[in-house]
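Structural overview for review
Single-letter residue listing:
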Amino acid sequence: MRYFIANWKANKDLNEAFQWIDTFIKLQLNNGRVKVVICPPSPLLYPLKERIKNSNIELGAQDISQFEEGKYTGEITAKTLKGLVDYSIVGHSERRKYFNEDYDTLSKKVLLAKKYDIEPIFCIRGVEDKIPQEVNIVTYEPVYAIGTGDNESPEIVLKVKKSLKLDEGKFFLYGGSVDKNNVESYLTTLQIDGFLVGTASLDPEEFFAVVKKV
Ligand code: PGA
């Protein structure tokens, strides 16, 4: 089984999101070997939950608060996301860069996600980024490869995986300019359990073409 996580980032309004879902569902992905998780902007999660009801698409948040509840204006907590999403991205390099999220902050997020039955999809930029023990899904995303079309070679990705020395049973994903033309190069090995896809996930047909390669 392979994960295909669509990270829409700060893109799409409700109509565009509905259109995406309707088109993707019509394409009929009948492949038990893939798990598709859409991570839309948070305000779209609830309406999309309704829209995907009879499909095999799952939902994830793009981030989660480091605070459990209380006086934190604007925060989206694990408690409010419980039951709405099964996953949340945590530690994406854009959060680390623009919102100064460090390891302490990220480990609080991981613990809260777990507490509220949300599986963190934990992103690292390289082997120097620590991974909290509770994390089951690790995504390696070298910053230079994100949104540039310059994907990292499967050989290097596998070397990084090796040096991470992940425990048995943990999932290892790759992200960084994955598209329909290069995804197959990562599929030749069973060592890569899936992908975090940004740019190529914004169009449903393009994303379908990526997922279909499995
Ligand atoms: P990209 O983004 O596919 O556009 O490189 C990946 C990500 O940032 O998760």
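Further up the page is the structure itself.
These lines cover the structure that appears in this document, whether it is placed above or below. Not measured: the values here are computed from a predicted model.

**A word on the sheet that holds strand 2 (residues 34-39)**
- Here eight strands make up a closed barrel; going around it, the order is 1-2-3-4-5-6-7-8 and the pairing parallel. Across the sheet, the mean angle from the axis of one strand to that of its neighbour is 30 degrees, orientation sign disregarded.
- Direction of pairing for strand 6 (residues 137-140) relative to strand 7 (residues 171-175): parallel, over a ladder of four bridges. Within strand 7, the position partnered with Val-138 by the bridge is Phe-172.
- Contacts from helix 5 (residues 103-115) reach strand 4 (87-90) and strand 5 (119-124), with the element oriented near 160 degrees to strand 5.

**Re the packing of aromatic side chains**
- Tallied over the full model, the rule gives 12 aromatic pairs.
- Ring centres of Phe-67 and Tyr-72 lie 3.7 Å apart, and the angle between their planes is 0 degrees; on these two criteria the pair is classed as stacked.
- Note on Tyr-72: relative accessible area 36%, which makes it partly exposed.
- Their ring planes at 55 degrees and their centres at 6.3 Å tell us that Tyr-140 and Tyr-174 sit as a pair that is tilted. Separated by 34 residues along the polypeptide, Tyr-140 in strand 6 and Tyr-174 in strand 7 bring together distant segments of the chain. For the pair Tyr-140 and Tyr-174, one class covers both residues: buried.
- Ring-pair connections join several aromatic residues into one group, and the members of that group are Phe-4, Tyr-140, Tyr-174, Tyr-186 and Phe-195.
- Seen from the ring of Phe-18, Arg-51 lies directly overhead, with NZ or CZ sitting 3.9 Å from the centre.
- The ring of Phe-99 has Arg-95 lying over it, and the distance from NZ or CZ to the ring centre is 3.8 Å.

**Let's talk about the site of the ligand**
- Near the ligand, the surroundings consist of 13 residues, among which Lys-9, His-92, Gly-147, Ser-177 and Thr-199 are the closest.
- Within the contact set of the ligand, an oxygen atom lies 2.7 Å away from a backbone nitrogen or oxygen of Ser-177.
- Protein chains shield 99% of the accessible area of the ligand, which is 280 Å² for the free molecule.
- Across the shell around the ligand, the residue classes break down as four nonpolar, seven polar and two charged.

**Examining the pairing of strand 4**
- Of the two faces of strand 4, the one holding Tyr-87 and Ile-89 and the one holding Ser-88 and Val-90 are both buried throughout.
- Pairing of strand 3 (residues 57-61) with strand 4, which is carried by two bridges, proceeds in the parallel orientation. Looking at strand 4, one finds that Ala-61 is bridged to Ser-88.
- Examined bridge by bridge, strand 4 and strand 5 share four bridges and lie parallel to one another. Residue pairing for strand 5: Val-90 is matched across the bridge by Phe-122.

**With respect to the state of the cysteines**
- This model, assessed by the stated rule, comprises zero disulfides.
- With no disulfide of its own, Cys-123 has Cys-39 as its nearest cysteine by sulfur position, at a separation of 9.3 Å.

Criteria and thresholds
- Residues numbered from 1 in each chain as written.
- Predicted model: local features only at pLDDT ≥ 70, side-chain atom pairs only at ≥ 80, totals over all residues.
- Heavy atoms only, no water.
- Pairing = 2+ DSSP bridges.
- Helix = DSSP H or I, 4+ residues; strand = E, 2+ residues; numbered from the N terminus.
- Axes fitted to C-alpha atoms, helices over the stretch in contact; angles between N-to-C directions.
- Contact = heavy atoms within 4.5 Å.
- Phe/Tyr/Trp six-rings, centres within 6.5 Å; stacked < 30°, edge-to-face > 60°.
- Buried < 20%, exposed > 50% of the residue type's maximum accessible area, 1.4 Å probe, protein only.
- Lys NZ or Arg CZ within 6 Å of the ring centre and 35° of its normal.
- Near = heavy atom within 4 Å.
- Polar contact = N/O pair within 3.5 Å; in protein donor to acceptor, adjacent residues only side chain to side chain.
- Areas by Shrake-Rupley, 256 points an atom, 1.4 Å probe, with all protein chains shown as cover.
- Nonpolar A, V, L, I, M, F, W, Y, C, P; charged D, E, K, R; others polar.
- Disulfide = S-S within 2.5 Å.

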